[in-house]
Amino acid sequence: MPPVRLLAISGSLRAASLNSALLRAVVALAPSNVCVELYTGLGNLPLFNPDLEITDSPAVADFYARVLKADGVIIASPEYAHGVTGVMKNALDWMVGCEAFVNKPVALLNASPRATLAQASLKETLTVMSAQVVETASITLPIIGSNLDESGIAAHPSISKSIRAMLRNFHMEIVNLQNQQNHTLYGIKNCDTVKKARIWLDQNGISYRFHDFRTDGLTPELLQHFVDHSDWTKLLNRSSTSWRQLSAEQQSDLTQEKAMQLMLTIPTLIKRPVLDIGNKLIIGYTAKDGGYAASLPGAGAAKTENKHTELL
Ligand SMILES: Cc1cc2nc3c(=O)[nH]c(=O)nc-3n(C[C@H](O)[C@H](O)[C@H](O)COP(=O)(O)O)c2cc1C
């Protein structure tokens, strides 16, 4: 698995910024499965003007591209007069009209236990921009007044421990969110087993796309994908009504090719549901043994709101 790429943004332009020092310490403490890039262009962004496009400014276009390609964003920003710093808010305002922060996991670091108002405001802004603020990776650290520089922060026993834990949590949540965003459930809307599987996924906060064979179809490519990632003998449901309705000749001398042809013609021959979780397929569903719990270890771990609201 490639390392998770994080973009770290300090909301302070000050050369001796504690927030910037904190983020440099985060870079130094990142494990090998996390790659943190420090964004240094905040001061080059023009003042936000809704009349302008992102592409009108190379600095804004560059910021947009960096946020877009990052798997997650870490923000450490000071509080100025009980609010978010102007440069930080300005940068976010540029991103409001585009999709850069939509579903983007964000960790909010606070270098000052006193600065609760800016932190709350930042969270509100990011939430309304549809970013995923990850609570388990959003921490307050007693940097202000500590006289620690970046190496002091990285060497401090309890602070460095908290930063390492934050990075572990953020990595885990990002991987969980990526896995969930990749899920597709294939089946037929009115099938009882499919309904039960969907209820389980909804109750456990797992987002997924639902593909109904009846309305969305079954292409040879999709069936080939199923067969490539599973076993056609498991995919073909020989307990189904559709199977029983086949002639003895259709049921006999089964090969993968013949079974695929049958399933392509009669998709209700496919055991339902098929859950595609990106790296594997889970065929069928049973409520026994905790539903999908054993196959989806991240189930229920992400603090994301379940976006799948369609009523069954
Ligand atoms: C103009 C200004 C306003 C500030 N207002 C607040 C404030 O409302 N609440 C607070 O806790 N700290 C406030 N501070 C203190 C800063 O948060 C503190 O200096 C912090 O270290 C700045 O971050 P930096 O070191 O990353 O530049 C303010 C500082 C400045 C310069």
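Residues numbered from 1 in each chain as written. Predicted model: local features only at pLDDT ≥ 70, side-chain atom pairs only at ≥ 80, totals over all residues.

## Topic: the overall build of the chain
The condition is simple: Per the convention used, a helix needs a DSSP run of H or I reaching at least four residues, while a strand needs a run of E reaching at least two, with both numbered from the N terminus. We take the radius of gyration over the C-alpha atoms and set the globule estimate at 2.2 Å times the residue count to the 0.38 power. By the criterion used throughout, residues are in contact when their C-beta atoms, derived from the backbone, lie within 7 Å.
Per the secondary structure count, the chain includes 13 helices and 11 strands. By the compact-globule yardstick of 20 Å for 312 residues, the chain is too spread out, its C-alpha radius of gyration being 25 Å. With respect to the principal axes defined by its C-alpha atoms, the chain has extents near 80 × 50 × 30 Å. In the chain, once contacts between residues fewer than 6 apart in sequence are set aside, the share between residues at least 24 apart is 79%.

## A look at the sheet that holds strand β2 (residues 34-39)
Note the cut-off: Pairing between strands requires that DSSP locate at least two bridges from one strand to the other. Under this scheme, a helix contributes an axis fitted over its contacting stretch, all axes are lines through C-alpha atoms, and angles between N-to-C directions fall in the 0 to 180 degree range.
What the 5 strands build is an open sheet, ordered β2-β1-β3-β6-β7; its pairing is parallel. Each edge of the open sheet carries a strand with a single partner, namely β2 and β7 (132-133). In terms of strand pairing, strand β1 (residues 4-10) meets strand β3 (residues 72-76) through 5 bridges, oriented parallel. Within β3, the residue paired with S10 across the bridge is A76. Of the strands in this sheet, β1, β2, β3 and β6 (105-109) touch helix α1 (residues 18-29), which is tilted by about 165° from β1.

## Notes on the site of the ligand
Spelled out, the test is: For each residue, a C-beta atom is placed from the backbone, and the residue is labelled near a molecule or strand when this atom is within 6 Å of it. Throughout, the ten residues Ala, Val, Leu, Ile, Met, Phe, Trp, Tyr, Cys and Pro are labelled nonpolar, Asp, Glu, Lys and Arg are labelled charged, and all others, Gly among them, are labelled polar.
In the vicinity of the ligand there are 14 residues, among which S12, S17, L18, N19 and P78 approach most closely. Of the residues contributing to the shell around the ligand, the split by class is 6 nonpolar, 5 polar and 3 charged.

## So, the domain arrangement of the chain
Defined as follows: What counts as a domain boundary in this text is fixed by an automatic or database domain assignment.
Domains assigned within the chain are domain 1 (4-180) and domain 2 (184-290). For domain 1 versus domain 2, the separation of C-alpha centres amounts to 42 Å.

## Points about the packing of helix α9 (residues 220-228) against helix α13 (residues 256-265)
Condition: Any angle between 65 and 115 degrees counts as roughly perpendicular, while under 35 counts as roughly parallel, over 145 as roughly antiparallel, and the rest as oblique. When the near helix sits turned anticlockwise from the far one by under a right angle, the crossing is termed left-handed; a clockwise turn instead gives a right-handed crossing.
For the pair α9 and α13, interaxial distance at closest approach is 11 Å and the crossing angle is 130°. It follows that α9 is oblique to α13 by the angle criterion. Helix-helix and strand crossings are classified by hand; for α9 and α13 the assignment is right-handed. Judged by residue contacts, P220, L223 and V227 of α9 engage Q256, M260, M263 and L264 from α13.

## A word on the nonpolar core
Selection criterion: To count as a nonpolar core, a set of buried Ala, Val, Leu, Ile, Met, Phe, Trp, Tyr and Cys residues must be joined through C-beta atoms within 7 Å. Field definition: a residue is buried when 20 or more other C-beta atoms are found within 10 Å of its C-beta, exposed when 12 or fewer are, and partly exposed for counts in between, with C-beta atoms placed from the backbone.
Formed by 54 residues in total, the largest nonpolar core has its most connected members in L6, L22, V73, I74, I75, A107 and L109. Looking at this core element by element, the count peaks at 7 residues for helix α6 (residues 157-181). Sequence-distant contacts of L6, that is, excluding residues within four places in its chain, are made with V34, C35, V36, A70, D71, G72, V73 and I74. Judged by nonpolar contacts, the second largest core, of 19 residues, contains L185, A197, L201 and V274.

## Observations concerning the environment of S17
With respect to the element layout, S17 can be found in the loop between β1 and α1. Note: C-alpha distance between S17 and A287 (270 residues apart in sequence) is 53 Å. Not counting residues within four places of it along the chain, the set of residues in contact with S17 comprises S10 and S12.

## Brief notes about the sheet that holds strand β11 (residues 281-283)
Hydrogen bonds between backbone atoms are what pair the strands of a sheet, whose relative direction is either parallel or antiparallel. Strands sit in the order β9-β8-β10-β11 across an open sheet of 4 strands; the sheet is mixed. With partners counted over all chains shown, the strands left at the sheet margins are β9 (209-212) and β11, one partner each. Put simply, the sheet's adjacent strands are angled 20° from each other on average, direction ignored.

## Thoughts on the pairing of β6
For clarity, the cut-off: Handedness of a crossover is defined as follows: orient the strands so they point away from the viewer, and if the path from the first strand over the helix to the second runs clockwise, the crossover is right-handed.
For β6, a buried count of 5 out of 5 residues is recorded, marking the element as mostly surrounded by other parts of the structure. The side-chain alternation of β6 yields two buried faces, one formed by P105, A107 and L109 and the other by V106 and L108. As paired strands, β3 and β6 are joined by 4 bridges and run parallel to one another. Bridging across to β6, I74 finds its partner in A107. Of the pairings in the sheet, the one linking β6 to β7 comprises 2 bridges and is parallel in character. Residue pairing across strands places P105 opposite Q132, the latter belonging to β7. Read as a crossover between parallel neighbours, the route from β6 over helix α4 (residues 116-128) to β7 is right-handed.

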